[in-house]
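Residues per chain, in single letters:
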Amino acid sequence: MKKIICECGHENPEGTTLCEKCGSPLTEEEKSKKLADMRYEGTAIRSKTYNKTIIDKIWNFFSSVKVGVAIIIITLVAAGIGTFLPQVIYVSLTEYQDAAAAYKAAYGTFGSIYYKLGLADIYSSWWFQTLIGMLGISIIVASLDRGIPLYKSLKNQRVKRHENFLKRQRIFASGEMSAEEADKAFDLTEAKMKEMKYNVRREEGALLAEKGRFARWGPYINHVGLIIFLFGVMLRLMPGFYIDKTLWIREGETMAIPGMEGFYLESKKFTFETYSKDEQKEEFNESKKAVNAVAKNYQTDVKLFKAPDDAVPGDTSNLTLVKEMPIIVNKPLKYDGYALYQMDFRLNELKTMHFDLIDKKSEKSLGSVAIDLTNPEKEYKVGKDSKVVLKKYFPDFAGFEDGEPQTASPLPNNPAFIFVMYTPETPKGETSFVAIKQTLEPLGTTKYKMKFSAVDTRNVSGLTVRKDKTLMILMLGGIVFMLGVTIGSYWSHRRLWLLKTKDGRLLMASHTNKNWFSMKKDLDAVTEYAHLPVYVDQHDEDQKAEDAEKKSKDKEKEGDNI
Amino acid sequence: MSLIDLSGNLLFVAFVAYLIATLLFGGAVKGGSKGESADAGKKWGSLAIIITLVGFIANLGYFITRWVYAGHAPVSNMFEFTTAFGMFVVGAFILIYFIYKVPALGLFALPIAIIIIAYASMFPREVNPLIPALKSYWLYIHVITAAIGESILAISAVAGLIYLLKNIDLTKRSKESFWIEVVMYALILVLGFVAVTTTFNVTGYEAEFSYIDKDGNTKEITYNTPALFGMHQSELLTADKMEPIANVPAIVNAKKLTTVVWSILIGTVLYGIIRLIIRKPIAVIMQPFAKRANSQLMDEIGYRSVLIGFPVFTLGALIFAMIWAQEAWSRFWGWDPKEVWALITWLFYAAFLHLRLSKGWQGKKSAWLAVIGFVIIMFNLVAVNLIIAGLHSYAG
Ligand code: HEM
C-alpha cells in the first residue's frame, strides 16, 4: 500500500486527505480548498481510494451518497405513482371476471394501462422490492465505508494540530499575544470550556476542547435500526414467522382457529351498534339534516378454548377455557403471540328454517320441522308416524341448469330443498322441491306440502387471525432508529482548538458537525471570558459581502478625500 | 356560554391575535431598518411574540375545551385536524423563535398558520361521533405527533422562503424569480378557497342533485357552490339553480372538483387584482421584509428545523402509525394512500438531509427543497385527504 508522508513526518494510509496527526492538507485537491473538508475528518475512505476491481466499483456505487439519494428519490416517486389509483388489494372484484376488467370498467383506458403496467400492484413488484433491497445494501455499504475510518480517526485524535489545519477551519481567529498572556488564555479557556461540559486536553502549546462526540454515531445507529427493520420485513417471508388467516364464525358456533393449532373459538354473540340521534351532539350539528346512521361498535363476544396437547385434531370433547372476552375494533384478542381481530361481519344470516307438514286440503298440520341450515339432518320425524327426508339441500340456490338445481355457494343465502314426505296416507313418499317463494312438484301433484312457517337468523363475524413473530424485530429496529436519529439530530459534536505559535500568535479554530449557531454561542462566551482573539466565520457569505461593500465604500471615501 | 361556544370563541381570539402579531412582526422587521434605533425593532419584536403567545394559549384553550366537550382528541375530522395543524405551526414557530430570535420568521410563519386555520374553518365544524376504527389512543398519539412533526418541518420552508426572497434577484427574469412568484400565487389561491367558501356560505347557496355512484346506486348530494361540474349522470333537483357545465365519470367527486376550480378561478382573479394595484410581482413587495435576515442563519434554521422535526415526524407518522395500524387493521402497514404519502414525506426529508451532506446543496437549493417539502405536506393534508380517499380520509 502506498503511504503518504506529511510534512510533519507522519505516515498516512493512501487516500487520506488531512494528515492523521497534524491535520495538514495532503492532496493537491485538498490544498486548493480554502476550507478543510471535515466531514469524515479527512480519513482514507475506501470508496474514495480504490477504484480498480469490479468489487471496488460495486462498492463505490453503493457507498455513494448521490446514488443513495437517487435510490430514495426513485422509491419515493414509484410509491407516489402507486397512489394514482387504488391498489388491487383495495378493489372489490366481485362484479368483474378479473382485476383487469375491474380497472377498465372503473377507470377506463387509463385504468387499463395502469393495470397492464403492473402499477396496480406496484409494491409487490420485483423491481420495487429490488429498489428497497438496493436501499438496504447502500445503507450498509455507505455506513461501513465511512463509519469505520471515522471511528478510528476520532479515537486517535491529536490535541496539537498544524497551523494549516486551524486556518482552514470555518471558524478561525488569530491574534498577537505574549507568552504569559497566551498561557493565561489557555487556563481561562480550559476553565470555561470545562464549565460548559467540554472535555479539555492540553499538550505543549495546544489545547483541544471537545463535547458530544457520540453525536457523530447518530446516523450510523439509525442506519443500523433501518437495517434491522428491513431484516424483520424480510423474515416474514420465512414460513412460521407470519400467519394471516380469515375466520368466519357464526353466533353459537365453536370452530378450530385456522393457523392456530389446538385452539378453538366460540362466538357467543356479534353486536353491531349505531349512534342514536341524541348521542350525536345535535345542537352543534350545522347541517341540521337527519344524520346518517354512524357506526358505533362492532363486537364479537368470544370464548377461546385450548384442546389438550394429545388431542386428535377436530376433537372438541376436552376443551379448556383460556379466555373469555369481547373482540372489538382496535381491541384484538391477544394470546400466545396470536391476535384475533374484528374485521368484518354479516348480519342476519339464515340459521334455522321452520316448516309445517300440512295436508293441502284440510290445511291440518301433522307437525313441524326445524332445519338447521348449516348442518341439516337427513331425516326429520314428524308427529308419531310421519317423516320428512331431506333428499337434497341447496344452501344458495341459483336456478336450474339442465333441469338440475344449482347452488352458488355453501352459504345459506337462499336455501332450497328437495323433500320426500312420508305419511301414513302416502307411505311411498311424495317429492317436493321447496325454495323461498316457490314450491315445485316435479313428480306430479302431492297431497301434502311443507309450509314455511318461520326463520331464525344469526350474525356472522369475520375475524382475522394473525401471528407476526417479526413484530419484536421491527419494534427493535424502530427503537434503534429513533435512538440514532435523536442522538444525531439533537446533539452535535463540537470542538475547539487553541495553538500557540512560535512567532507569538494565539490561534483559535472551531468545528461542529451541525448547529453552528449554538457553537458560536459557546465561542462567544469563551472568547469574552478568556480574552481570545475575535473569530470570523469564513463561510458567512453575507458577512463577506458586507465586508466587501464596506471596503469599496471606504475606498470611495478615500477617493473623496484626495 | 356552553363549552363548545367557549371553544369557538377561543379559536377566534387566537386567530385575531395571530393577525395582530403578524403586523407587529412586520414592525419588528422594518423597525430597525428605517433609521430608528435597533431598540425600537426589539420592542416591536417582544410585543409581537407576547401577542403570539397569548394567541397560542387561546388556541390551546380551544383545543382542550373541544377535547373535553367531544370526549376525544379534536383531530378526528378535517376541520379539527387542519385547525390543530395550524396551531402546531404556531407552536413550532414559537419553539424556533426562542432558539434563534429572528422576527422575520414570525412575519412569514404566522400568515401561513392563519391561512391554514382559515382553510380549516371552511369545513363543517360539527363534533362527530367516532366510528369504531377511530377509537384508539394510539390513533390520537399518532395523529398529534405526526402533525407536530410536520409543523416543525414546515418552519424550514418558512426559513427557506425568507432565504429565497432575500437571495433571488427579482429584477431579472429567471426560473427562480418565476417560481418564487408561483409560491406567492399558491398562497393567494388558498385565500381564494376561503373567499369562495365564505361567500357562498354567507349567501346560503344550496343545490341538490341526484347522481349514480360508482357502484350504480342512485344518491343525492348538496352543492354549496354553483355547480361547474356535475356528478356522474347528475340531475338538478332544486329549482332555479345553475346546471353543471359538464358531468364527470363516477370515480371523480365533482363537488370537490367544483370547489377546487372555483377556488382557482377566484384566487386567480384575486391575484390579478393585487398585481393590478401594486403593479409588481408580489415577491417584490415581500422582498424588503426578508432583506435584513442573515442568509447563513436562515440556511441553518432551515436545516435545524428539519433536524428537529424529522425524528418527531418519524415517531408520529411512521412508528406510532404502524402501532395503531397493527391494533386496528391487524397489519402495521398496508400501502394505503395515506400511509404511502407519509412514507413519501419521510423519504423526501431523508433525501434532503443526505443532499445537504454533499457540497453545493446548501443555500438556495436547500431552501427550494424545504419549500417543496412543505408542498408535499400540504398535498398530504389537502389532496390525499380530499381526493385520494383511503382509510384515514376524514372528509368522506
Ligand atoms: C430511507 C433511508 C435512510 C434514512 C432514513 C437515513 C437517515 C439518515 C439521517 C437522519 C442521517 C443524518 C443526517 C444529518 O444529520 O444531517 C443520515 C446520514 C447519513 N446517511 Fe443516511 N439514511 C438513509 C439512507 C441512506 C443511504 C441509502 C445512504 C447511502 C449512501 C446513506 C448514507 C448516509 C451517510 C453517508 C450519512 C452521513 C453520516 C455522517 O454524517 O457521518 N443513508 N442518514
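Residues numbered from 1 in each chain as written. Chains lettered and ligands numbered in written order. Predicted model: local features only at pLDDT ≥ 70, side-chain atom pairs only at ≥ 80, totals over all residues. Heavy atoms only, no water.

Visitor: Describe in detail the environment of Tyr163(B), supporting the description with residues and values.
Guide: All names here are of chain B. Mapped onto the fold, Tyr163 is located in helix α5 (residues 137–167). Residue Tyr163 is classed as buried on the basis of its relative accessible area, which comes to 13%. Not counting residues up to four positions away in its chain, the partners in contact with Tyr163 are Ser295, Met298, Asp299, Gly363, Lys364 and Ala367. (Helix = DSSP H or I, 4+ residues; strand = E, 2+ residues; numbered from the N terminus. Buried < 20%, exposed > 50% of the residue type's maximum accessible area, 1.4 Å probe, protein only. Contact = heavy atoms within 4.5 Å.)

Visitor: Could you give an account of the nonpolar core, with specific residues and numbers?
Guide: Of all hydrophobic cores here, the largest spans 159 residues; its most connected members are Val75(B), Phe93(B), Leu105(B), Ile162(B), Ile180(B) and Ile301(B). When residues no more than four places from it in sequence are discounted, the contact partners of Ile180(B) are Leu161(B), Leu164(B), Leu165(B), Ile168(B), Leu170(B), Ala283(B) and Trp368(B). Counting 23 residues, the second-largest nonpolar core is a separate cluster that includes Ile171(A), Ala182(A), Met196(A) and Met508(A). (Core = buried A, V, L, I, M, F, W, Y, C linked by side-chain atoms within 4.5 Å.)

Visitor: Can you tell me about the coordination of the iron atom of the ligand, naming the residues and giving the values?
Guide: Listed as protein donors to the iron atom of the ligand are His223(A) (NE2) and His354(B) (NE2); their distances from the metal cover 1.9 to 2.1 Å. In this structure, the iron atom of the ligand is surrounded by six donor atoms whose angles at the metal cover 83 to 176 degrees, and the resulting shape is octahedral. Remark: His354(B) occurs in helix α10 (residues 337–355) and His223(A) occurs in helix α9 (residues 218–235); the pair is interchain, linking two chains. With relative accessibility at 16%, the residue His223(A) sits in the buried group. (Donors = N, O, S within 2.8 Å, 3.2 Å for Na, K, Ca; no water. Tetrahedral: all angles 85-135°; square planar, octahedral: opposite > 155°, others 65-115°.)

Visitor: Run through the sheet that holds strand β2 (residues 218–223) of chain B, naming residues and quoting values.
Guide: All names here are of chain B. The antiparallel open sheet is built from three strands, whose spatial order is β2-β1-β4. Each edge of the sheet is formed by a strand with only one pairing partner; in this case those strands are β2 and β4 (235–236). Direction of pairing for strand β1 (residues 207–212) relative to β4: antiparallel, over a ladder of two bridges. Each residue of the ladder has a partner; that of Phe209, found in β4, is Leu236. (Pairing = 2+ DSSP bridges.)

Visitor: Describe the domain arrangement of chain B, listing the residues and the values that go with them.
Guide: Residues and elements named next belong to chain B. The domain boundaries assigned to chain B delineate domain 1 (77–125 + 132–170 + 282–387) and domain 2 (173–280). Taken over C-alpha atoms, the centre of domain 1 sits 26 Å from the centre of domain 2. Facing 19 residues of domain 1, the contacting portion of domain 2 comprises 21 residues. Taking both sides of the interface into account, the surface hidden between domain 1 and domain 2 amounts to around 1,800 Å²; carbon and sulfur atoms contribute 83%. On the domain 1 side of the interface with domain 2, the three residues burying the most area are Ile115, Met122 and Ile282, jointly 36% of the side's total. Inspection of the region where domain 1 meets domain 2 yields one salt bridge. A salt bridge links Lys364 to Glu176; the nearest nitrogen and oxygen atoms lie 3.4 Å apart. Inspection of the region where domain 1 meets domain 2 yields four residue pairs in polar contact (both at pLDDT 80 or more). Listed by contribution, the elements that provide at least two residues to the side of domain 1 that touches domain 2 are α4 (103–120), α5, α8 (282–291) and α11 (364–386). Examining the composition of the side of domain 1 that touches domain 2, we find that five residues originate from one element, α8, more than from any other. Per-class residue counts for the side of domain 1 that touches domain 2 are 17 nonpolar, no polar and two charged. (Domains from an automatic or database assignment. Buried area = accessible area lost by both parts, 1.4 Å probe. Salt bridge = Lys/Arg side-chain N within 4 Å of Asp/Glu carboxyl O. Polar contact = N/O pair within 3.5 Å; in protein donor to acceptor, adjacent residues only side chain to side chain. Nonpolar A, V, L, I, M, F, W, Y, C, P; charged D, E, K, R; others polar.)

Visitor: Before we move on, can you summarise a nonpolar patch on the surface with the specific residues and values?
Guide: Residue and element names in this part refer to chain B. Judged by side-chain polarity, Leu3, Leu60, Ile64 and Val68 come together as a nonpolar surface patch covering roughly 330 Å² of accessible area. Tallying contributions element by element places helix α2 (residues 38–70) first for the nonpolar patch, with three residues. Examined against the element boundaries, Leu60 turns out to sit in helix α2. Classification of Leu60 by relative accessible area gives partly exposed; the value is 32%. (Patch = residues over 30% accessible without salt bridge, like charges linked within 9 Å, V, L, I, M, F, W, Y side chains within 5 Å. Areas by Shrake-Rupley, 256 points an atom, 1.4 Å probe, with all protein chains shown as cover.)

Visitor: Tell me what's going on with the packing of helix α6 (residues 175–203) of chain B against helix α7 (residues 254–278) of chain B, and back it up with residues and numbers.
Guide: Residue and element names in this part refer to chain B. For the pair α6 and α7, the least separation of the axes is 7 Å and the interaxial angle reads 120 degrees. Our classification of the angle between α6 and α7 gives oblique. For the element pair α6 and α7, the recorded crossing hand is right-handed. Facing α6, whose interface residues are Glu181, Tyr185, Ile188, Leu189, Leu191, Gly192, Phe193, Ala195 and Val196, α7 presents Thr259, Trp262, Ser263, Ile264, Ile266, Gly267, Thr268, Leu270, Tyr271, Ile274 and Arg275. Here the contact of α6 with α7 is built from residues that sort into 13 nonpolar, five polar and two charged. (Axes fitted to C-alpha atoms, helices over the stretch in contact; angles between N-to-C directions. Parallel < 35°, antiparallel > 145°, perpendicular 65-115°, else oblique. Left-handed = near helix turned anticlockwise from the far one by under 90°.)

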